[in-house]
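# Coordinates in review
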Amino acid sequence: RPSIAVSPTGVVFVTWSVLIGNYSDVFLSRINGDGTLIDSTPKNLTSSESVDEQNPVVAIGPDGDVFLGYELNPNAPTFIIDSYVTVSLDGGNSFLPAVQVIPATPKDLALDFVTRLTLVPVSGGVVHIAWEEDTCGEGCTFIAYSHAKVSQNAAGALSLTVDPGVYLGDAVNAARQTAPS
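Now for a description of the structure that goes with this document. All figures in this text were calculated on a predicted structure; none of them were measured in a lab. (Residues numbered from 1 in each chain as written. Predicted model: local features only at pLDDT ≥ 70, side-chain atom pairs only at ≥ 80, totals over all residues. Heavy atoms only, no water.)

### Structural notes on the packing of aromatic side chains
Going by this rule: Classification of ring pairs uses Phe, Tyr and Trp, with its six-membered ring standing for Trp, and accepts pairs whose centres are within 6.5 Å; under 30 degrees between planes counts as stacked, over 60 as edge-to-face, and the remaining range as tilted. In this description a helix means any DSSP run of H or I spanning at least four residues, a strand means any run of E spanning at least two, and both kinds are numbered starting from the N terminus. For every residue, the accessible area (1.4 Å probe, protein chains only) is compared with the maximum for its type, and the residue is labelled buried under 20%, exposed over 50%, or partly exposed between those bounds.
Under the defined criterion, the tally for this structure stands at two aromatic pairs. Between Trp16 and Phe27 the ring centres are 6.2 Å apart and the planes differ by 20 degrees, which places this aromatic pair in the stacked class. Within this pair, whereas Trp16 is found in strand E2 (residues 12–20), its partner Phe27 is found in strand E3 (residues 23–31), the two being separated by 11 residues in sequence. Under the relative-accessibility criterion, Trp16 is labelled partly exposed at 23%. A residue is classified by how much of its surface remains accessible, and Phe27, at 12% relative accessible area, is buried. Between Tyr70 and Tyr84, the aromatic rings sit 6.1 Å apart at their centres with planes inclined by 20 degrees, giving stacked as the arrangement. Of the two residues, Tyr70 is situated in strand E6 (residues 66–73) and Tyr84 in strand E7 (residues 80–88); the sequence distance between them amounts to 14 residues. Under the relative-accessibility criterion, Tyr70 is labelled buried at 8%. Classification of Tyr84 by relative accessible area gives buried; the value is 18%.

Pasting the structure below:
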């Protein structure tokens, strides 16, 4: 499914995933407010040859920071789906290295799906993140929250850091909760 967001300057960002060979990658197209394409061809933002990167979501903050989240499925026998988030500080020309959304459950589980990201950026390079986490594959689902922030180290290099997730609702004590928004 595609995801769409509009920058404060009116640039439209559309992301989607495409099956290339045996694996999916995440693509981005940018469109001016008048409908003309900014990029002559869609940008492949993930280009991995050994894992599925899929179900992207794009969101743009009031400062114009373009945040992108997506699911990564390594197709491993552990059946773990992780989610990652990255940010562009230059209008989608380049993105910082993607970082994993830290699950609210221990990672020693044989089954853990961190999926259905929702991103809400605010000013200052911060994005709030909610997601669905399934720890058994049979509806053991809960909603979790975290946030990520752009930071700069002493050498001036920028990076995105994500705080560990926290439980918001647990399927053990409440009805099945899905699709945060």
